[in-house]
Amino acid sequence: MTDKIKDLVTAMTLEEKALLCSGKNFWQMEGIERLGIPSVMVTDGPHGLRKQAGEADHLGLNQSVKATCFPPAVTSASSWDKAALYDMGQAIGEECVQEEVAVVLGPGTNIKRSPLCGRNFEYFSEDPYLAGEMAAAWISGVQSKGIGTSLKHFAANNQEKARLVSNSVVDERALREIYLAPFEKAVKQAQPWTVMCSYNRINGVYSCENEWLLTEVLRNEWGFQGLVMTDWGAMNDRVKALKAGLELEMPGPDPYNDKKIVDAVRNGELDEAILDRAAGRLLTVIMRAGEVHKKEYDAAAHHNLARRIAAESAVLLKNDGMLPLKKENSYAVIGAFAETPRYQGAGSSRIHPHQIDCVLDSLRESGIAFEYAPGYELEQDTINPVLLEEAAACAKGRDGVLVFAGLPDSYESEGFDRTHLNLPKSHTALIEAVTAVNPHVTVVLLCGSAILMPWRDRVESILLTYLGGEAAGSACADVLTGTVNPSGRLAETFPLSLEDTPCCENFAGEGKDVEYRESILVGYRYYDWAEKPVAFPFGYGLSYTSFSYDSMEIVWDEKEEKGEARITVTNTGETSGSEVVQLYIGKAQSGVMRAVRELKGFQKVFLEPGELREVVIGLDRRSFSCYDTNRSCWTVEAGTYQIYAASSSRDLKLKKDLMLPGKELSHIPGYDAAETVKDGHFAADRKQFKRLFPDELPLTPDDGRITLNTTVKEIMASEKGKALLGGLVEGYSGRYSGDDDVSRMMLAMLQDMPLRSLAMFGAVEMETLEEMVREIGRP
Ligand code: BGC
């Protein structure tokens with residue numbers, strides 16, 4: 001805290017300090033005029049700016065000012081290009097400067113525990129190393145412009161179902177190695193100005209009031225210097241949260257909670273020094289924001305950047321020679337997504353773009369001859385036989401067919417999870433109809449998460465463009481025509497079936513408790529450990545050229561506990577292109593349960609045909625450590641490690657062993673594959689899961705009483721609750737009776753909404769709600 005800030009805190013009254021602890025309104029932090037403290041704006045995020053000039057909301061319902069819509073995290077992570085994420089961050093920072101936004105709410109770096117999570121499009125990866133690197137690069141980019149970021153959603157927020165009340169039951173090793181690790185990396189490498197806590201509980205305690213998480217781990221262990229804010233409406237117990245290390249409640253204002261803070265100081269429940277510390281942290285962010293001067297950004301340059309990132313993030317999953325397209329051929333382009341692309345996900349990250357590129361226009365401009373047929377209706381799952389027939393007729397006899405398919409908005413969104421991994425029936429039927437009349441088919445996929453492709457052997461090529469942002473169309477054409485050589489790699493595994501996913505049985509929980517039974521066995525860590533085949537492995541992606549991995553040298557300085565892998569790679573094809581050199585480390589002989597190998601470094605390198613380059617990837621102690629729950633620290637186990645240079649998690653090119661001194665690791669509980677994988681599926685039972693915990697399973701505390709955390713569903717199940725609160729709930733749900741995205745999302749969320757959220761959504765005053773809850777509790 002600077003002297004200036006200390007003086008300001010001293011000059012503030014108790015009420016003013018409390019006032020600062022909740023927002024001024026939906027998007028602004030509070031200011032204090034008499035002391036010259038301005039009110040600054042914080043707003044979504046993360047793949048562009050969602051600044052609402054008019055009506056405010058936290059679910060992307062109302063319009064926002066125009067901004068560049070960059071590719072969402074699912075896409076940009078597939079670039080495996082830290083520089084690209086940094087550039088995107090810088091550009092978003094520039095947009096914040098113009099729009100006078102102090103803090104942009106992102107990045108979201110939660111782990112993709114299951115491909116079903118409705119919000120996976122907003123997250124980077126199933127792998128903590130990759131997710132952390134991408135988040136850190138983005139944060140550094142934004143903050144280089146004097147704009148803050150909010151690393152979210154901290155932590156273990158890996159599903160949308162019941163997100164306001166769910167309890168993520170996770171063993172400490174999984175927390176440390178998987179779920180906290182990307183946050184740790186981003187905090188240590190990039191020091192975000194703010195961190196946003198998640199809605200859920202972790203091992204029984206709400207994130208907003210989790211002292212272990214917000215103070216012990218985040219500040220004391222990782223050295224976080226900024227402030228912690230709530231997700232919108234994630235506040236539970238205000239005073240407890242302040243003590244735990246949460247400074248800012250959003251949105252605001254919340255005079256009800258501000259008063260609780262004042263009362264708690266007055267009655268001795270809260271030490272005023274804690275409030276002073278919080279005020280100091282809040283002022284530090286506000287003052288930093290004041291140092292930036294408004295300047296216009298170059299929207300055309302940002303659009304080009306969005307196009308470059310989208311193109312280099314596209315993953316070529318299969319290519320039997322149909323791509324790149326040839327000018328002398330005549331093609332059919334089929335699928336309504338070609339005309340109206342799905343380019344971002346629904347919810348609080350929805351950006352209002354400057355322009356939307358259409359692939360049909362871009363293909364035409366590049367001289368590709370084709371005819372177009374829609375093949376399906378945009379928002380309909382059902383098959384339209386007329387459109388299908390027309391599409392088949394269009395496809396017949398062409399040199400090649402491009403089918404645009406994927407997931408519509410109604411399939412994945414903030415607020416609810418998917419229930420299966422299939423494409424809409426109408427899209428699958430289209431692929432089938434077209435492959436029946438023409439063997440030369442390329443499927444272009446637009447979706448925000450992994451899907452199943454039972455037809456993949458019947459098509460020649462598959463290009464996964466995910467959600468490409470506002471330049472999705474032109475970027476897609478760049479790759480299809482070969483102007484850009486694809487270099488995206490999967491940041492998540494594409495499984496062969498939903499049942500193959502390790503958390504299948506425990507996603508997304510029956511009641512409030514969600515048992516993360518698979519522990520550290522998330523994504524490829526599980527598939528490799530259980531030796532399961534997959535459709536497309538983590539790290540996978542093809543190119544129009546080829547690369548050879550020529551040699552690898554490992555250098556390690558034991559005293560410094562630092563080293564590097566030096567890998568020589570050559571472009572052996574005839575086209576220039578980029579390779580993502582991946583470094584995995586395993587330990588075949590180990591006293592603890594381990595993934596077969598884990599990503600510990602990567603680098604994207606651009607090579608001209610015939611060019612050779614030495615790629616250097618740094619190693620440190622952490623590259624070889626696992627979280628030792630007995631000693632409560634990261635420990636290097638003594639013995640031999642296998643280091644792999646690879647072009648995917650399952651395409652290992654070179655291997656070197658490295659012997660390291662270290663400690664013995666044993667007695668750390670884990671699973672045995674023979675015991676927990678039944679009929680090919682992961683099925684650890686409660687008893688086995690319980691062994692990963694030192695004590696009882698930390699479930700949701702529940703003494704049967706109705707509280708502000710009782711959900712709407714629970715209330716409506718009791719006669720007394722229904723009588724008292726039924727009208728309120730029905731009045732609220734009546735606002736969302738349409739068949740639109742928003743209604744779907746709101747109604748999905750309503751059932752699992754705690755009563756306190758009804759106050760946040762303006763359905764009722766908190767005091768009235770508290771009185772109602774007390775009334776229900778009376779005999
Ligand atoms: C989301 C956050 C978002 C906030 C503000 C919440 O619903 O979970 O990611 O930043 O709203 O819009």
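Residues numbered from 1 in each chain as written. Predicted model: local features only at pLDDT ≥ 70, side-chain atom pairs only at ≥ 80, totals over all residues. Heavy atoms only, no water.

J.: Tell me about the nonpolar core, and please be specific about residues and values.
T.: Counting residues in hydrophobic clusters, the biggest one holds 166 residues, and the most contacted among them are Phe154, Trp232 and Leu769. Core analysis: the second largest hydrophobic core is formed by 70 residues, Ile334, Ala395, Leu423 and Val441 among them. (Core = buried A, V, L, I, M, F, W, Y, C linked by side-chain atoms within 4.5 Å. Buried < 20%, exposed > 50% of the residue type's maximum accessible area, 1.4 Å probe, protein only.)

J.: Would you mind going over the site of the ligand in detail, with residue names and values included?
T.: Within the structure, the ligand sits among 15 residues, and Asp44, Arg119, His153, Asp231 and Glu414 are positioned closest to it. At 3.4 Å, a side-chain N or O of arginine 50 approaches an oxygen atom of the ligand. Grouping the amino acids of the shell around the ligand by side-chain chemistry returns 5 nonpolar, 3 polar and 7 charged. (Near = heavy atom within 4 Å. Polar contact = N/O pair within 3.5 Å; in protein donor to acceptor, adjacent residues only side chain to side chain. Nonpolar A, V, L, I, M, F, W, Y, C, P; charged D, E, K, R; others polar.)

J.: So what about the sheet that holds strand β4 (residues 148–154)? Which residues, and what values?
T.: Strand order in this open sheet of 5 strands is β1-β3-β4-β6-β9, and the pairing throughout is parallel. Of all strands in the sheet, those bounded by a partner on one side alone are β1 (42–44) and β9 (227–230). Strand-to-strand twist across the sheet, computed as the mean angle between neighbouring axes with direction ignored, equals 30°. Sheet analysis places strand β6 (residues 194–197) next to β9, joined by 4 bridges and oriented parallel. In the sheet register, methionine 196 faces β9, and the bridge partner there is methionine 229. Sheet contacts for helix α8 (residues 211–221): β4, β6 and β9; angle to β9, the most-contacted strand, approximately 150°. (Pairing = 2+ DSSP bridges. Helix = DSSP H or I, 4+ residues; strand = E, 2+ residues; numbered from the N terminus. Axes fitted to C-alpha atoms, helices over the stretch in contact; angles between N-to-C directions. Contact = heavy atoms within 4.5 Å.)

J.: Help me get a handle on the side chain of glutamine 582, residues and values and all.
T.: On the secondary structure map, glutamine 582 appears in strand β20 (residues 577–586). Accessibility expressed as a relative area gives 0% for glutamine 582, which makes it buried. Only 3.1 Å separates the side chain of glutamine 582 from the backbone oxygen of serine 647, close enough to count as a polar contact. Once residues lying within four places of it in the same chain are set aside, the contact partners of glutamine 582 are Trp80, Arg489, Gly539, Leu599, Gly601, Phe602, Tyr644, Ala645, Ala646, Ser647, Ser648 and Ser649.

J.: For the environment of serine 461, give the residues involved together with the corresponding values.
T.: Here serine 461 lies in strand β16 (residues 461–464). C-alpha of serine 461 to C-alpha of leucine 323: the two residues are 138 residues apart in sequence and 7.2 Å apart in space. At a separation of 2.9 Å, a polar atom in the side chain of serine 461 contacts the side chain of asparagine 319.

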